[in-house]
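Below are the chains, spelled out letter by letter.
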Amino acid sequence: MFIVSSIKYCRQETMFQDNPLLAQLKQQIQETLPKKEGTIKATDKGFGFLEVDSKTSFFIPPPYMKKCMHGDKVIAIIRTEKEKEVAEPEELVEQSLTRFIGRIKMFKGKLNVTPDHPQLKKQSLKAKVKKGLNPEHFAEGDWVVANLIRHPLKGDNSFFVEVTEKITDSDDKIAPWWVTLAQNDLPNSEPEGIENWELKDDADLERVDMTHVPFVTIDGESTKDMDDALYAETTESGDIKLTIAIADPTAYIMPEDSMDKVARERGFTIYLPGRNIPMLPRDLADDKCSLLENEERPALCCTVTVAKDGSIQEDIKFFAANIKSHARLVYDHVSDWLETGSSNDLQPSEQIAQVVKDLHKLSEARSAWREKNAVVFPDRPDYRFELSEDNDVIAIHADLRRTANRLVEEAMITANICAGSALKEAFGCGVFNCHSGFKPEKLKDIIELINPNGELPFTEESIQTLEGFAALRRWLSVQDTSYLDNRIRKSQAYSEISAEPLPHYAMGLDIYATWTSPIRKYGDMINHRMLKSMIMGKPASQKPDESVGEELAIHKKHHKIAERNVADWLYARTLANEPANGTKFTGEIFDINRAGMRIRILENGASAFIPGSLIIDNKERIDINPDEGTIAIDKEVNYRLGDTLEVVLSEVNQANRSLVAKPTYVFADNVQKAEEASESN
């Protein structure tokens, strides 16, 4: 049918083009026809749809699809033919492709590029290389950056692209990293260092000599950029005096330096599976500033007393110092030592042992306080890829958060609360991490979901406050299932970075400003400079401007996308044989949409999609409700957000880096159900 339609449309187009009077008549007719704006959705069968909204779409015949591509926003003429409405894209509103990643495809000796996009992989676009590049250096399958420079709806005859950069060869095993970084327009190497780094402290900044204090660092075994060292001691009253020392790159980099501009442009160190790209030069991040054992280093420090009940006291003091780490400790070794009383890899001196015990005591006190007064997130494993020298995945480890990880986390959270309070009081501004709680338009729905009968102490008004929001999150954390928690999370706002001292609802804290990772975060560098100005009693040497929060948020978003994309690529590589092996996994449902549900495989962290057709191959019997986060079979709810189920992988698509799974439990068809019912009777 589509072939016949295609011939018909092509003949009509030729007829109009050859006859000016008919062409004029066509234009007059088109001017009287209705028009709709929407987004193009392509199919792999040549035709497509104009999606106007979530409920309205129009069929686009194959000949008209040649004028547009998946994702284009267009204005289309809507006409009725044989009692069926069809759309003819007429005007381009926004093209889906501008700069994009693709692969070289040679067609009859001519250069073409296929976009690296699930819906565009069958679309081969004619191409040329930009001036200065040699076409002979490009081969079938090579990864490239390209720009779409011609579009049929802009009056051009066809699509045409210009290749601007070669990323890597087709068979390069490091392609997941290079391609993903290029896709997100991120750097693929650290900044260049300088020959001699010099201390550039303000003449009025006095550094206290604290090299005698037995600070310890606790990090991963392979960590080089150690940016925090800790010391704690229990006072006679039983309270704990905590001192946090943070590496100080702002002692070497001034706001007007070119390196500061580089750090701002990068925003953060980029962490990808198997490798990272530092925000600062490695000789600074891994050496000059890193708090290496037995090496004197400049640091910015904070001391504060944490009471026995875990509350932070008001004796917060920031100061500059020179410190020396007395022990370079490793998370797992410290956890073994604290959890079992011994470790083959850690035999600390009496002095270091006491520091670790006091830090552990502080951690337990602060954790208990936050569980009662703020919000504590449930422990989830961190998934880590172990790679060979050839960049093959050897194993995927699920690293559980252990005692030492929580110890450091509580110390850092305490330090960031102190910084937030200090910056708010001294300047009324800084780089603050904030979260505004629930979206206002969702408040009524939340209360109807969790408190329909008014039996709980939650109202629309109460959950708009920090205290009410935190109380609700604590209540959700102790429920028997995570279903309500998963439903409500979709109603939360996103975390933001603000120059204003706003609360962080998701953490249950009234203030939070990070300064503990200036080697890795540009916002922390700004807060360091402001804290130093506060120490000297001067106006802030640098304040966040209006755009820095937005810039950092964009950087953070792209970094997260890049991390997820590389992981998806590695999962597809690693799990390619699992459909044939029939390996059973445990999946946790984290999203339900109209087409099915998305799960996270708990054994390795991979995400997979389960389409409704693989739950039960009978559309009449399945009811997928995205709003309620449920899937029902024969009107009985069988799956909900947060549920776990046993699955096997049914497909691993390495081209799209996607996984498709299916439950191991198979629902009986109607005939079988009738037979079973008959037998039971």
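Residues numbered from 1 in each chain as written. Predicted model: local features only at pLDDT ≥ 70, side-chain atom pairs only at ≥ 80, totals over all residues. Heavy atoms only, no water.

Examining the overall build of the protein chain
Okay, step 1: When its secondary structure is counted, the protein chain shows 17 helices and 29 strands.
Okay, step 2: Seen through its C-alpha atoms, the protein chain measures out along the principal axes to roughly 95 × 80 × 50 Å.
Okay, step 3: Looking at the 681 residues of the protein chain, the share that counts as buried comes to 48%.
Okay, step 4: Here the analysis covers contacts within the protein chain between residues at least 6 apart in sequence; of these, 66% occur between residues at least 24 apart.
Okay, step 5: Approximately 34,800 Å² of the protein chain is accessible, and the part contributed by carbon and sulfur atoms is 46%.
Okay, step 6: Treating the 85 positive side-chain charges of the protein chain as one cloud and the 112 negative ones as another, the clouds have centres 6 Å apart. (Helix = DSSP H or I, 4+ residues; strand = E, 2+ residues; numbered from the N terminus. Buried < 20%, exposed > 50% of the residue type's maximum accessible area, 1.4 Å probe, protein only. Contact = heavy atoms within 4.5 Å. Areas by Shrake-Rupley, 256 points an atom, 1.4 Å probe, with all protein chains shown as cover. Lys, Arg positive; Asp, Glu negative; His and termini not counted. Charge placed at Lys NZ, Arg CZ, Asp CG, Glu CD.)

A look at the packing of aromatic side chains
Okay, step 1: Per the stated rule, a full pass over the model turns up 12 aromatic pairs.
Okay, step 2: Taking the centre distance of 5.5 Å and the plane angle of 75° together, the rings of Phe469 and Tyr505 count as edge-to-face. One end of the pair, Phe469, is in helix H11 (residues 466-477); the other, Tyr505, is in the loop between strand S21 (496-498) and helix H13 (522-536), with 36 residues separating them in the sequence.
Okay, step 3: Judged by its relative accessible area of 0%, Phe469 is buried.
Okay, step 4: Connected via pairs of aromatic rings, a cluster forms that spans Phe47, Phe49 and Phe59.
Okay, step 5: The ring of Phe59 carries the charged tip of Lys84 above its face, separated from the ring centre by 4.1 Å. (Phe/Tyr/Trp six-rings, centres within 6.5 Å; stacked < 30°, edge-to-face > 60°. Lys NZ or Arg CZ within 6 Å of the ring centre and 35° of its normal.)

A closer look at the packing of helix H8 (residues 350-373) against helix H9 (residues 403-426)
Okay, step 1: For the pair H8 and H9, interaxial distance at closest approach is 8 Å and the crossing angle is 70°. Of the possible angle classes, the one that applies to H8 and H9 is roughly perpendicular. In the packing of H8 onto H9, the handedness of the crossing is left-handed. Residues Val356, Leu359, His360, Ser363, Arg366, Ser367 and Arg370 of H8 lie in contact with H9, whose contacting residues are Thr403, Arg406, Leu407, Glu409, Glu410, Ile413, Thr414 and Ile417.
Okay, step 2: Looking at the contact of H8 with H9, its residues break down into 5 nonpolar, 5 polar and 5 charged. (Axes fitted to C-alpha atoms, helices over the stretch in contact; angles between N-to-C directions. Parallel < 35°, antiparallel > 145°, perpendicular 65-115°, else oblique. Left-handed = near helix turned anticlockwise from the far one by under 90°. Nonpolar A, V, L, I, M, F, W, Y, C, P; charged D, E, K, R; others polar.)

Observations concerning the nonpolar core
Okay, step 1: One finds Ile323, Leu329 and Trp515 to be the most contacted residues of the largest nonpolar core, which totals 77 residues.
Okay, step 2: Counting 41 residues, the second largest nonpolar core, distinct from the first, contains Ala572, Ile601, Ile616 and Phe667. (Core = buried A, V, L, I, M, F, W, Y, C linked by side-chain atoms within 4.5 Å.)

Quick word on the packing of H9 against H13
Okay, step 1: Between H9 and H13, the shortest axis-to-axis distance is 10 Å and the interhelical angle comes to 60°. Classified by the interaxial angle, the pair formed by H9 and H13 is oblique. Where H9 crosses over H13, the handedness of that crossing is left-handed. Judged by residue contacts, Ala419, Ala422, Leu423 and Ala426 of H9 engage Asn527, Met530, Leu531 and Met534 from H13.

A word on the UniProt feature "domain: S1 motif" (unreviewed entry) in the protein chain
Okay, step 1: In the numbering used here, UniProt assigns the "domain: S1 motif" (unreviewed entry) feature to residues 582-664.
Okay, step 2: Structurally, residues 582-664 comprises 5% helix and 60% strand, and the distance from its first C-alpha atom to its last is 10 Å. (UniProt positions renumbered as here; feature names shortened; annotations may be inferred.)

Digging into the sheet that holds strand S8 (residues 125-129)
Okay, step 1: Ordered in space as S6-S7-S8-S10-S9, the 5 strands form a closed barrel in which the pairing is mixed. On average, each strand axis in the sheet is inclined to that of its neighbour by 55°, with strand direction left out of account. (Pairing = 2+ DSSP bridges.)

Here we look at the pattern of salt bridges
Okay, step 1: This model, assessed by the stated rule, comprises 37 salt bridges.
Okay, step 2: Asp315 serves as the salt-bridge partner of Lys241, at 3.0 Å between the closest nitrogen and oxygen. In this pair, Lys241 sits in strand S13 (residues 240-247) while Asp315 sits in the loop between strand S16 (296-306) and strand S17 (317-330), placing the two residues 74 residues apart along the sequence.
Okay, step 3: Each of Asp201, Arg207, Asp248 and Lys532 takes part in salt bridges that share partners, so that together they form one network. (Salt bridge = Lys/Arg side-chain N within 4 Å of Asp/Glu carboxyl O.)

Remarks on H9
Okay, step 1: Over its 24 residues, H9 runs 35 Å from end to end, which matches the ideal 34 Å to within 8%, given 1.5 Å per residue.
Okay, step 2: In terms of residue burial, H9 counts as a mostly covered element, since 18 of its 24 residues are buried. (Expected span 1.5 Å × (residues − 1).)

Considerations on the pairing of strand S5 (residues 84-94)
Along a regular strand, successive side chains alternate from one face of the sheet to the other.
Okay, step 1: Pairing geometry for strand S4 (residues 73-81) and S5, over 9 bridges, is antiparallel. Considered in S5, the bridge of Arg79 is made with Val86.
Okay, step 2: Here S4 hands over to S5 after 2 residues, with Lys82 in that stretch at a positive phi of 55°.

Remarks on the side chain of His504
Okay, step 1: Residue placement: His504 occurs in the loop between S21 and H13.
Okay, step 2: Accessibility expressed as a relative area gives 7% for His504, which makes it buried.
Okay, step 3: Dropping the residues within four chain positions of it, His504 is found in contact with Asn433, Cys434, His435, Leu466, Ser495, Leu509 and Tyr512.

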